[in-house]
Amino acid sequence: MTIKLLAIGKTDNKQLQTLIADYQKRLGFYVKFDFELIPDLKKVKNLSEDQQKQKEGELILAKLNNTDVLILLDENGKHYDSVGFSNYLQKHMNSGIKQLVFVIGGPYGFSPDVYQKANGKLSLSKMTFSHQMIRLFMIEQLYRAFTILRNEPYHHR
């Protein structure tokens, strides 16, 4: 199985980029992982929030294959602790899917078309974080989940 993380816009902060790269490398020891950035839209000042979500949604959907399982990182998504999330990943791996795709949307969330295509929603916290920080948190949680599944000492129970 491949895990893909899609995100709108680039990561500007060099320290976050360094940490993301570190956890990507670590995660690569456990699973085929692909982190793909979708460029920010141009001239968004001329677009309403709904128009921006629609255009971003078209870019997101264009990156998906028909067989992908799509999980949206959404404030109204399901909450897991780290062990629960590792079990959630294990169930997806056991199901025989080819690619599990997590998506971090733009500043206004997702279009109705993306919500319709989604197989689930996941929330990392009830708190609000910057979209750039969520990238790091998500990749770290994926890494943590695999160390839990392998009974490695990274996660202390």
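Quick caveat: nothing in here was measured; it's all calculated off a predicted structure. Per chain, residue numbering runs from 1 following the sequence as it is written. The predicted origin of the model limits local features to residues at a pLDDT of at least 70 and limits the giving and counting of side-chain atom pairs to 80 or more, whereas totals for whole chains, interfaces and linings rest on all residues. Only heavy atoms go into the side-chain values, all of them from the structure, while hydrogens and water stay out.

1. Concerning the pairing of strand 1 (residues 2-8)
The side chains of a regular strand alternate, first on one face of the sheet and then on the other.
Alright, step 1. Where burial is concerned, most of strand 1 is hidden: seven out of the seven residues are buried.
Alright, step 2. Whether a residue is buried, partly exposed or exposed follows from its accessible area with a 1.4 Å probe, protein chains only, as a fraction of its type maximum: under 20%, in between, or over 50%, in that order. By definition, any uninterrupted DSSP run of H or I lasting at least four residues is a helix, any uninterrupted run of E lasting at least two residues is a strand, and each is numbered from the N terminus. Side chains T2, K4, L6 and I8 of strand 1 all project onto a buried face; the interleaved residues I3, L5 and A7 project onto the opposite face, where all are buried too.
Alright, step 3. Think of it this way: DSSP has to see at least two bridges between two strands before they count as a pair. The pairing of strand 1 with strand 2 (residues 32-38) spans seven bridges and is parallel. Each residue of the ladder has a partner; that of L6, found in strand 2, is E36.

2. Things to note about the side chain of K4
Alright, step 1. Here K4 lies in strand 1.
Alright, step 2. Polar contacts here mean pairs of N or O atoms no more than 3.5 Å apart (in protein, one a potential hydrogen donor and the other a potential acceptor; neighbouring residues in sequence count only if both atoms are side-chain atoms). At 3.4 Å, the side chain of K4 forms a polar contact with the side chain of E36.
Alright, step 3. The contact criterion used throughout is that any non-hydrogen atoms of two residues lie within 4.5 Å. In this view, K4 contacts D34, E36, K63, Q99, L100, V101 and F102; residues no more than four positions away in its chain are not counted.

3. Digging into the pattern of salt bridges
Alright, step 1. Counted as salt bridges are all cases of a side-chain nitrogen of Lys or Arg within 4 Å of a carboxyl oxygen of Asp or Glu. Within this structure, the stated rule accounts for six salt bridges.
Alright, step 2. Between E36 and K4 there is a salt bridge, with its nearest N and O atoms 3.4 Å apart. Of this pair, E36 sits in strand 2 while K4 sits in strand 1, placing them 32 residues apart in sequence.
Alright, step 3. What makes K4 buried here is its relative accessible area of 8%.
Alright, step 4. Close ionic contact of D22 with R26 constitutes a salt bridge, the shortest N to O distance being 3.3 Å. Here D22 pairs with R26, and both are found in helix 1 (residues 14-27), just four residues apart, close to one helical turn.
Alright, step 5. Residues joined by salt bridges that share partners form a network here, namely K4, D34, E36 and K63.

4. Notes on the sheet that holds strand 1
Within a beta sheet, neighbouring strands are joined by backbone hydrogen bonds and run either parallel or antiparallel to one another.
Alright, step 1. In space, the five strands of this open sheet follow the order 2-1-4-3-5, with parallel pairing throughout. Looking along the sheet, the strands with just one partner apiece sit at the ends: strand 2 and strand 5 (120-123). Ignoring strand direction, the axes of neighbouring strands in this sheet form an average angle of 30°.
Alright, step 2. Between the N-to-C directions of two axes lies an angle of 0 to 180 degrees, each axis being a line fitted to C-alpha atoms and, for a helix, fitted only over the stretch in contact. Strands strand 1, strand 2 and strand 4 (99-104) of the sheet are contacted by helix 2 (residues 49-62), whose axis makes an angle of about 160° with strand 1.

5. A few points about the layout of surface pockets
Alright, step 1. Here a cavity means grid points, on a 1 Å grid over the protein atoms only, where a 1.4 Å probe fits yet cannot get out; a pocket means an open set of points with protein on both sides within 12 Å along at least five of seven lines; lining residues are those with an atom within 4 Å of a point. Grid points are joined across faces, edges and corners, and a volume is the space filled by probe spheres set on the points. If you add up the space inside the largest pocket, you get close to 500 Å³.
Alright, step 2. In terms of lining, the largest pocket is formed by 23 residues, of which the most central are L73, D74, E75, F129 and H131.
Alright, step 3. Per-element accounting of the lining of the largest pocket gives the leading share, four residues, to strand 3 (residues 69-79).
Alright, step 4. Polar here means any residue outside two lists: the nonpolar Ala, Val, Leu, Ile, Met, Phe, Trp, Tyr, Cys and Pro, and the charged Asp, Glu, Lys and Arg; Gly therefore counts as polar. A class-by-class count of the residues in the lining of the largest pocket yields 10 nonpolar, nine polar and four charged.

6. Let's talk about the packing of aromatic side chains
Alright, step 1. Any two rings among Phe, Tyr and Trp, with Trp reduced to its six-membered ring, count as a pair given centres within 6.5 Å; such a pair is stacked if its planes are under 30 degrees apart, edge-to-face if over 60, and tilted if neither. One pass over the full model with this rule turns up nine aromatic pairs.
Alright, step 2. Ring geometry for F110 versus Y115: centroids 5.7 Å apart, planes at 85°, classification edge-to-face.
Alright, step 3. Since its relative accessible area comes to 4%, F110 is described here as buried.
Alright, step 4. By relative accessible area, which is 34% here, Y115 ends up partly exposed.
Alright, step 5. Each ring, one from Y143 and one from Y154, has its centre 4.8 Å from the other, and the planes form 75°; the classification is edge-to-face. In this pair, Y143 sits in helix 5 (residues 131-149) while Y154 sits in the segment after helix 5, placing the two residues 11 residues apart along the sequence.
Alright, step 6. For Y143, a relative accessible area of 10% corresponds to the buried category.
Alright, step 7. Accessibility expressed as a relative area gives 24% for Y154, which makes it partly exposed.
Alright, step 8. Taken together through their ring pairs, the aromatic side chains of Y23, Y30, Y143, F146 and Y154 make up a single cluster.
Alright, step 9. By the criterion adopted, a ring carries a charge over it if an Arg CZ or a Lys NZ lies within 6 Å of its centre and within 35 degrees of its normal. Across the ring face of Y23, the terminal group of R26 is positioned such that the distance to the ring centre comes to 4.6 Å.

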